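Now for the letters of each chain:
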Amino acid sequence: APISIVCGEYTKPWPFWQASGKTGVQISRDALPWERVVYMQEMKPVISSTIKNGEAYYTLVWSPLKKADKYEVTLKVPSVAGLFELYRMDESKKLNLLSVTHAWYGGLRSQIRAAIDPDATHDPVKRAELEDAELYYRYSMSESFPDILDVVWFLHTTYFPDDIRLEHSGRYSRMYLNEKAPDKIYWLD
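What this report covers is the structure whose coordinates are included nearby. (Residues numbered from 1 in each chain as written. Predicted model: local features only at pLDDT ≥ 70, side-chain atom pairs only at ≥ 80, totals over all residues. Heavy atoms only, no water.)

This part is about the nonpolar core. In a soluble, globular protein the nonpolar side chains are often hidden away together inside. Among the nonpolar cores identified, the biggest contains 23 residues, and I47, Y58, L60, L83, V151 and L155 are the most heavily contacted of them. For this core, the elements supplying multiple residues, two or more each, are β4 (55–61), β6 (82–89), β7 (95–103) and α5 (145–159). Looking at which element gives the most residues to this core, the answer is α5, with six residues. Excluding its chain neighbours within four sequence positions, the residues that come into contact with L155 are L60, W62, L83, V100, F160, L177 and E179. If you look at the next biggest cluster of nonpolar residues, it comprises 16 residues, including A115, L130, Y137 and M141. (Core = buried A, V, L, I, M, F, W, Y, C linked by side-chain atoms within 4.5 Å. Buried < 20%, exposed > 50% of the residue type's maximum accessible area, 1.4 Å probe, protein only. Helix = DSSP H or I, 4+ residues; strand = E, 2+ residues; numbered from the N terminus. Contact = heavy atoms within 4.5 Å.)

Take the sheet that holds strand β8 (residues 134–141) next. Spatial strand order, β5-β8-β6-β7: four strands in an open sheet with antiparallel pairing. The open sheet has two edge strands with one neighbour each: β5 (66–67) and β7. As paired elements, β6 and β8 share eight bridges and run antiparallel to each other. In the strand pairing of β8, M89 is matched with E134. Those strands touched by helix α3 (residues 107–116) are β6, β7 and β8, and its axis lies near 25° from that of β6. (Pairing = 2+ DSSP bridges. Axes fitted to C-alpha atoms, helices over the stretch in contact; angles between N-to-C directions.)

Taking 1.5 Å of rise per residue, 15 residues should cover 21 Å, and α5 covers 21 Å from first to last C-alpha, within 8% of that figure. Listing the buried residues of α5 in full gives D147, I148, L149, D150, V151, V152, L155, H156 and Y159. For α5, the elements touching its buried residues are β3 (47–52), β4, β6, β7 and β9 (174–180). (Expected span 1.5 Å × (residues − 1).)

Tracing the chain through its elements places T50 in strand β3. On a C-alpha basis, the gap between T50 and Y176 in space is 9.9 Å, while along the polypeptide they are 126 residues apart.

Our next topic: the environment of Y105. Within the secondary structure, Y105 sits in the loop between β7 and α3. By relative accessible area, Y105 is classed as exposed at 72%.

Empty space within the largest pocket amounts to approximately 240 Å³. The set of elements that each furnish at least two residues to the lining of the largest pocket consists of β7 and α5. Considering each element in turn, the lining of the largest pocket owes the most residues, five residues, to β7. Here the residues of the lining of the largest pocket are counted per class, giving five nonpolar, four polar and two charged. (1 Å grid on protein atoms, 1.4 Å probe; cavity = no way out; pocket = protein on both sides within 12 Å on 5 of 7 lines; lining within 4 Å. Points joined across faces, edges and corners; volume = space filled by probe spheres on them. Nonpolar A, V, L, I, M, F, W, Y, C, P; charged D, E, K, R; others polar.)

The mixed open sheet is built from three strands, whose spatial order is β3-β4-β9. Edge positions in the sheet fall to β3 and β9, since each of these pairs with one other strand and no more. Neighbour-to-neighbour, the strand axes of this sheet turn through a mean angle of 15°, independent of strand direction. In the sheet, β4 pairs with β9 via seven bridges, with the strands oriented parallel. The partner of A56 across the bridge, within β9, is M175. Packed onto the sheet, α5 meets β3, β4 and β9 and runs at close to 80° relative to β9.

Tracing the chain through its elements places S142 in the loop between β8 and α5. A distance of 3.1 Å separates a polar atom in the side chain of S142 from the backbone nitrogen of S144. With sequence-adjacent residues up to four places away left out, S142 is seen in contact with I47, A81, G82, W104, D147 and I148. (Polar contact = N/O pair within 3.5 Å; in protein donor to acceptor, adjacent residues only side chain to side chain.)

As structure tokens, this is what we get:
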């Protein structure tokens, strides 16, 4: 699975670094208080959750947004369960969200490929839309189908409040979602 690296900087001295328990890469072992200390953190595109008092706190980490190419999808997208977003670039170079959906059976690779490949559909209208479209996608993986349903439901209620086509898992009284994207692209910004 592709992994994105996010870099951050601290201008704290080495003793802070030691006491904080953070893992990372230090520029200099002899870091002085005014020198930079740089760390790197992996951002794997996964959904994680914390449950507290019957409420779910989800963190959705997206993969970087990529231009859709059926051959690249076949080579680089994992064949595991998750969810994905599909975007279309319009004439004014603005990304338009086409869909947010889950992939369970067949996994992300086959679902994304089917969504972007005009040869994979028998619908002439959809085929015409996909023929010359500049499409982009991003995804996040999860091994829990109920978690995927909760997150997709949450995104649908946020993006398309008048057109919600699926139900959440019904396990929690409230759900919260924190999205993270390595390229800082968020649909509602």
